[in-house]
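Take a look at the letters that make up each chain.
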There are 2 protein chains.
Amino acid sequence: MLVPTRLYSLTASQVLRLLKNDTITVEQYALSILGRIEERDSIVKAWTYLDPQLVLSQARALDQIPPGQRGPLHGVAVAVKDVMNTKDMPTQFGSPLYEGNQPGFDSSAVAILRYAGALILGKTVTTEFTATNMGPNTTNPHDPNRTPGGSSAGSAAAVADLQVPLGLGTQTAGSLIRPASFTGIFAMKPTFNAISTEGQKTYSVNVDTFGFFARSMEDLQLVADIFALKDDELPSSVILKDARVALIKTPMWDKAGPGTDAAMEKAATILKKHGVKVEEVSFPPEYSDGKALKRMLEIIANSDAQAAFLREYRMDKTKLDPIIRGFVENSANYTRKERVQALDRYASMRPIFDEIAADFSAIITPSVPDEAPLGLDDMGSPAFNFIWTGLHMPVIHIPAFIGAHGMPLGISVVAGRFFDQHLLAISKALSEPLMAEGGWKIS
Amino acid sequence: MLVPTRLYSLTASQVLRLLKNDTITVEQYALSILGRIEERDSIVKAWTYLDPQLVLSQARALDQIPPGQRGPLHGVAVAVKDVMNTKDMPTQFGSPLYEGNQPGFDSSAVAILRYAGALILGKTVTTEFTATNMGPNTTNPHDPNRTPGGSSAGSAAAVADLQVPLGLGTQTAGSLIRPASFTGIFAMKPTFNAISTEGQKTYSVNVDTFGFFARSMEDLQLVADIFALKDDELPSSVILKDARVALIKTPMWDKAGPGTDAAMEKAATILKKHGVKVEEVSFPPEYSDGKALKRMLEIIANSDAQAAFLREYRMDKTKLDPIIRGFVENSANYTRKERVQALDRYASMRPIFDEIAADFSAIITPSVPDEAPLGLDDMGSPAFNFIWTGLHMPVIHIPAFIGAHGMPLGISVVAGRFFDQHLLAISKALSEPLMAEGGWKIS
């Protein structure tokens, strides 16, 4: 039997075909993956926990499953952000408080992937409780002097570096879409609460969203289906000539650097060339105060954090990052009045943006201000992400473009709440010309 | 040293004074509690897990703590609803799927109570995942032929039966306030998300609320302070003659039986006698369709349940109650469109009801249709609770009255979001004449 080389470099969907028909064993695949990681880990530093012996024993156990009983993700390696509990690995939340913590149970999402046959590979680097914007020494696989973006730094870097085809992450402001853009991969942040966050560390009950990274649209679809994402109607097949896309620069547009400016323009040009109607749509004027939108999301998330991190504060507040200690102590002096106003204001915006989305095939909007910045201290800005997170709308990142320094740069596609399957369908259709002509190639 | 008898019957605040100054040891207290449980458990059946040896070893460990280092809940026994994970006890969620499940970690709330020095006594009976309304054989301590109410059945029954002074519960519709009324004790459902639900089983991310039972207002205050509940301003001291209370019968008033009818009238009479201005306030007419309000909350909770129970569905759907299986399969055929409409509608109501609350010292409203019904199959109706849960407003139950069959019956006091300390202060002031003259006495 001919075993393809570089198994580690295959997407989930590609390797699944080989695994399902026994062209390769899960163990062979795991060995290839582990080899890649060994080769690259000293540079990328994506993992906070990875036990090759555990991986191989899991792989062999999966190989024992008769072909007819194999799950829809049989043997596919998945990287788990270390804010999700895992029954057979430590879960440390990027916090010294949880060093060596062995929870002994899986988060809901990890369990669902295990039932689907996934090979849960290891735990990836996160910022402390996902709530700070610095700390990890994980590097961008495309330039070790640049950040991969946070907080889902390790999962994004591992997927981008061909160490694993699928990575799990979470987003409270921009922790999925931003690292996907910085590392040049696809990501999906589904509709808020479409996938359970049970068993992952809570930062903000009102906006924390579970999501995932992959190197192809086909793979995002695969994972979305395992989590049973459903719309009211099956998405109709997309014909680019019939598609109408709203290009929304958002009130944060003054944060866009030349890379994002060019990416948005190039996206519009390519899509128009393929018959897509692209209309620039301005943000509703009553919500166009970007600073106010940003402050409201900060109030929501960081006020939610008061209760979320009280436990750790009581455990040992001296081991908390001062930022997180400040949340619990409310050192920003957010009032409860501001808090309910921010909650109610975002809630009131949601139906309005759903309606805008319903008028179009999709919204396209920036993912980041620009390429990944130099250095590892600043993990980048969520300026273009937090609005959609706060609106609970599903977002897919398409990594189609290249910035001035040769680093990847993508755009976000956004749909109305619970139009996740529609978003997958339209994003796939839009991604084809964008990936073909945008410039960035996923190796 | 004189050791009071019937230590088990003391409130948390009472026993705390004895424990803090070494009048009694935690072990003596634990022995008294265990004796009471042994005497009563075959009738009340409140516990799903209780290991006397574990309790005594924890008690002895607490006794080793030097007086100066003792926590604010030093040695006080707490019953934990078995939907909250505990590091040293099984957590079974009322589900056969989790028989013998040993999570090895504490929920956020349980951990915070442990850091405060609580004696975590054992796990109490819940309906399956808190999401069904039947099942447990826990009885009402005041009449074993009647239900204690669900889903927090065991915690309410144990507190009412003097088996433990404090019990933890959760509410998605009426799972705290209803059993508190049926069993004749105090309860507090704080503002949504004022206390972290991390580490407890999720039913509905949008409304699940952690709360607690006690036999005195002083004890509710004690627990609220341990969870650092704070308002924007310190609550001012309440003078009954200056208090103005809105009596709101709600659009569910047609569900009120003679017991609740009399209780509301008696509450108004007593309060007026003590100088409180009681004004009947009608529900805003645009929200007065009770059936629509109920259906919207069902859509929110039961649609949220699709993702919440997908894991268990994949684990083994044959071991799920058909109701829960139906949630995951969406057998009610809720559309996502209805779901976002229900979410947005409740969200739009919240500031309006906060404003109504702000115009008064508090809102008083029914807790239940009537006394606990006969039989153990029907755990009662949340008709008078779900609206406030959906509105995210804090609620305190005052168990002041008696129904036609001699069973307890109380009323709810409601405040605006994040007015939890205000609610505690006004409820304490209102509870004094109500408890003195209402008829129900907590033994």
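Residues numbered from 1 in each chain as written. Chains lettered and ligands numbered in written order. Predicted model: local features only at pLDDT ≥ 70, side-chain atom pairs only at ≥ 80, totals over all residues. Heavy atoms only, no water.

> Residues and numbers for the overall build of chain A, please.
Along its length, chain A carries 14 helices and eleven strands. For chain A, the C-alpha radius of gyration of 21 Å lies close to 22 Å, the compact-globule estimate for 443 residues. By principal-axis analysis of the C-alpha atoms, chain A measures approximately 60 × 60 × 45 Å. Taking all 443 residues of chain A together, the buried fraction comes to 66%. Residue pairs at least 24 apart in sequence account for 79% of intrachain contacts in chain A once pairs closer than 6 positions are excluded. (Helix = DSSP H or I, 4+ residues; strand = E, 2+ residues; numbered from the N terminus. Rg over C-alpha atoms; globule rule 2.2 N^0.38 Å. Buried < 20%, exposed > 50% of the residue type's maximum accessible area, 1.4 Å probe, protein only. Contact = heavy atoms within 4.5 Å.)

> An account of the packing of helix H7 (residues 217-226) of chain A against helix H14 (residues 420-437) of chain A is requested, with residue identities and associated values reported.
Residues and elements named next belong to chain A. Interaxial distance between H7 and H14 falls to 10 Å at its minimum, and their mutual angle equals 170°. Relative to H14, H7 is oriented roughly antiparallel. For the pair H7 and H14, the contacting residues are Met 217, Leu 220, Gln 221, Ala 224 and Asp 225 in the first and Gln 421, Leu 424, Ser 427, Lys 428 and Ser 431 in the second. Partitioning the contact of H7 with H14 into residue classes produces four nonpolar, four polar and two charged. (Axes fitted to C-alpha atoms, helices over the stretch in contact; angles between N-to-C directions. Parallel < 35°, antiparallel > 145°, perpendicular 65-115°, else oblique. Nonpolar A, V, L, I, M, F, W, Y, C, P; charged D, E, K, R; others polar.)

> Can you tell me about the relation of the copies chain B and chain A, naming the residues and giving the values?
Once chain B is rotated about the relating axis by 180° and shifted along it by 0.0 Å, it coincides with chain A to within an RMSD of 0.0 Å. The transformation just described matches what one would write down for a two-fold rotation axis. Comparing interface residues between copies, 100% of those in chain B also lie at the interface in chain A; the contact surface is shared. (Least-squares fit on C-alpha atoms with pLDDT ≥ 70 in both.)

> Describe the sheet that holds strand S8 (residues 277-280) of chain A, listing the residues and the values that go with them.
Residues and elements named next belong to chain A. Strand order in the open sheet formed by eleven strands is S1-S3-S2-S4-S6-S5-S10-S11-S9-S7-S8, with mixed pairing between adjacent strands. The open sheet is flanked by strand S1 (47-49) and S8, the only strands paired with a single partner. Neighbour-to-neighbour, the strand axes of this sheet turn through a mean angle of 30°, independent of strand direction. Looking at chain direction, strand S4 (residues 166-171) and strand S6 (residues 209-214) are connected through five bridges and run antiparallel. Looking across to S6, one finds that Leu 168 is bridged to Phe 212. Packed onto the sheet, H14 meets strand S5 (186-189), strand S7 (244-247), strand S9 (362-366), strand S10 (395-402) and strand S11 (408-414) and runs at close to 5° relative to S10. (Pairing = 2+ DSSP bridges.)

> Tell me what's going on with the domain arrangement of chain A, and back it up with residues and numbers.
All names here are of chain A. Along its sequence, chain A is organised into domain 1 (7-226) and domain 2 (240-437). Inter-centroid distance (C-alpha atoms) of domain 1 to domain 2 is 22 Å. In this assembly, 57 residues from domain 1 lie in contact with 64 residues from domain 2. The contact between domain 1 and domain 2 buries some 4800 Å² in all, and 65% of this surface belongs to carbon and sulfur atoms. The tally of links between domain 1 and domain 2 comes to one salt bridge. Across the pair Glu 312 and Lys 201 runs a salt bridge, and its minimum N-O distance is 2.9 Å. Between domain 1 and domain 2 we count 27 residue pairs in polar contact (both at pLDDT 80 or more) in total. (Domains from an automatic or database assignment. Buried area = accessible area lost by both parts, 1.4 Å probe. Salt bridge = Lys/Arg side-chain N within 4 Å of Asp/Glu carboxyl O. Polar contact = N/O pair within 3.5 Å; in protein donor to acceptor, adjacent residues only side chain to side chain.)

> Explain the interface of chain B and chain A residue by residue, including any values.
At the junction of the two partners, chain B supplies 45 residues and chain A supplies 46 residues. Broken down residue by residue, the surface that chain B buries against chain A is led by Glu 198, Arg 311 and Arg 336 of chain B, which jointly contribute 19%. Where chain B touches chain A, the interface holds four salt bridges. Of the charged contacts in the structure, one is a salt bridge between Asp 344 of chain A and Arg 417 of chain B, with a shortest N-O distance of 2.7 Å. For the pair chain B and chain A, the number of links is 18 residue pairs in polar contact (both at pLDDT 80 or more).

> Can you lay out the sheet that holds strand S5 (residues 186-189) of chain B for me, pointing to particular residues and giving the numbers?
Residue and element names in this part refer to chain B. Spatially, eleven strands are ordered S1-S3-S2-S4-S6-S5-S10-S11-S9-S7-S8 in an open sheet, and the strand pairing comes out mixed. Of all the strands in the sheet, just strand S1 (47-49) and strand S8 (277-280) have a single pairing partner and so form its edges. Put simply, the sheet's adjacent strands are angled 30° from each other on average, direction ignored. Pairing of strand S2 (residues 77-81) with strand S3 (residues 119-124) involves five bridges; the strand directions are parallel. Bridge assignment links Ala 77 to a residue of S3, and that residue is Leu 119.

> Quick rundown of the environment of Arg 146 of chain B? Include the residues and the values.
Residue and element names in this part refer to chain B. Following the sequence through the fold, Arg 146 ends up in the loop between S3 and helix H5 (153-160). For the pair Arg 146 and Ala 46, spaced 100 residues apart in sequence, the C-alpha to C-alpha distance is 14 Å. If we skip the residues at most four places from it in the chain, Arg 146 touches Thr 139, Asn 140, Ala 372, Pro 373, Leu 374, Gly 375, Leu 376, His 405 and Met 407.

> Provide a residue-level description of the pattern of salt bridges, including the pertinent values.
For the coordinates displayed, the defined rule picks out 42 salt bridges over all chains. For Glu 279 of chain A, the salt bridge is made with Arg 244 of chain A, and the minimal N-O distance between the two is 2.9 Å. With a gap of 35 residues between them, Glu 279 of chain A in strand S8 and Arg 244 of chain A in strand S7 connect regions that are remote in the sequence. Take Glu 279 of chain A: its relative accessible area is 31%, and that puts it in the partly exposed class. A salt bridge links Glu 27 of chain B to Arg 60 of chain B, with the shortest nitrogen-to-oxygen separation between them at 3.1 Å. With a gap of 33 residues between them, Glu 27 of chain B in helix H2 (residues 26-44) and Arg 60 of chain B in helix H3 (residues 52-63) connect regions that are remote in the sequence. Exposure remark for Arg 60 of chain B: the relative accessible area of 36% places this residue in the partly exposed category. Here the residues in one salt-bridge network are Arg 36, Glu 39, Arg 40 and Asp 161 of chain A, joined through shared partners.

> I'd love a proper account of the packing of aromatic side chains, names of residues and values included.
Residue and element names in this part refer to chain A. Following the criterion strictly, the structure yields 23 aromatic pairs over all chains and no others. An angle of 65° between the planes, with centres 5.3 Å apart, marks the rings of Phe 210 and Phe 227 as edge-to-face. Placement of Phe 210 in strand S6 and of Phe 227 in the loop between H7 and S7 is noted, with a sequence separation of 17 residues between them. The class for Phe 227 is buried, based on a relative accessible area of 3%. Each ring, one from Phe 283 and one from Phe 353, has its centre 4.9 Å from the other, and the planes form 50°; the classification is tilted. Within this pair, whereas Phe 283 is found in the loop between S8 and helix H9 (290-308), its partner Phe 353 is found in helix H12 (residues 336-358), the two being separated by 70 residues in sequence. Both residues of the pair, Phe 283 and Phe 353, belong to the buried class. An aromatic cluster of at least three residues, connected via ring pairs, comprises Phe 93, Tyr 98, Phe 129, Tyr 203, Phe 309 and Phe 327. Between Lys 201 and the ring centre of Phe 129, over which it is positioned, the NZ or CZ distance is 5.6 Å. (Phe/Tyr/Trp six-rings, centres within 6.5 Å; stacked < 30°, edge-to-face > 60°. Lys NZ or Arg CZ within 6 Å of the ring centre and 35° of its normal.)

> Explain the environment of Pro 4 of chain B to me, and be specific about the residues and the numbers.
All names here are of chain B. Structurally, Pro 4 can be placed in the segment before helix H1 (12-20). Exposure remark for Pro 4: the relative accessible area of 32% places this residue in the partly exposed category. Sequence spacing of Pro 4 and Leu 18 is 14 residues, and the spatial spacing of their C-alpha atoms is 9.3 Å. Sequence-distant contacts of Pro 4, defined by excluding residues within four places in its chain, comprise Leu 18 and Ile 24.

> Which residues make up empty space enclosed by the protein, and what are the values?
Enumeration over the complete set of coordinates arrives at three cavities of 30 Å³ or more. If you add up the space inside the largest cavity, you get close to 410 Å³. Lining the largest cavity are 29 residues, and of these Asn 206 and Arg 350 of chain A together with Asn 206, Arg 350 and His 392 of chain B lie nearest its centre. Those elements that provide at least two residues to the lining of the largest cavity are H9 and H12 of chain A together with helix H12 (336-358) of chain B. Taken together, the residues of the lining of the largest cavity sort by class into twelve nonpolar, seven polar and ten charged. Of the volumes computed, that of the second largest cavity is approximately 50 Å³. Every residue lining the second largest cavity is listed: Val 83, Thr 130, Thr 170, Gln 171, Thr 172, Gln 200, Lys 201, Tyr 203, Asp 208 and Thr 209 of chain B. Each residue belonging to the lining of the second largest cavity can be placed in one class, and the counts come to two nonpolar, six polar and two charged. (1 Å grid on protein atoms, 1.4 Å probe; cavity = no way out; pocket = protein on both sides within 12 Å on 5 of 7 lines; lining within 4 Å. Points joined across faces, edges and corners; volume = space filled by probe spheres on them.)

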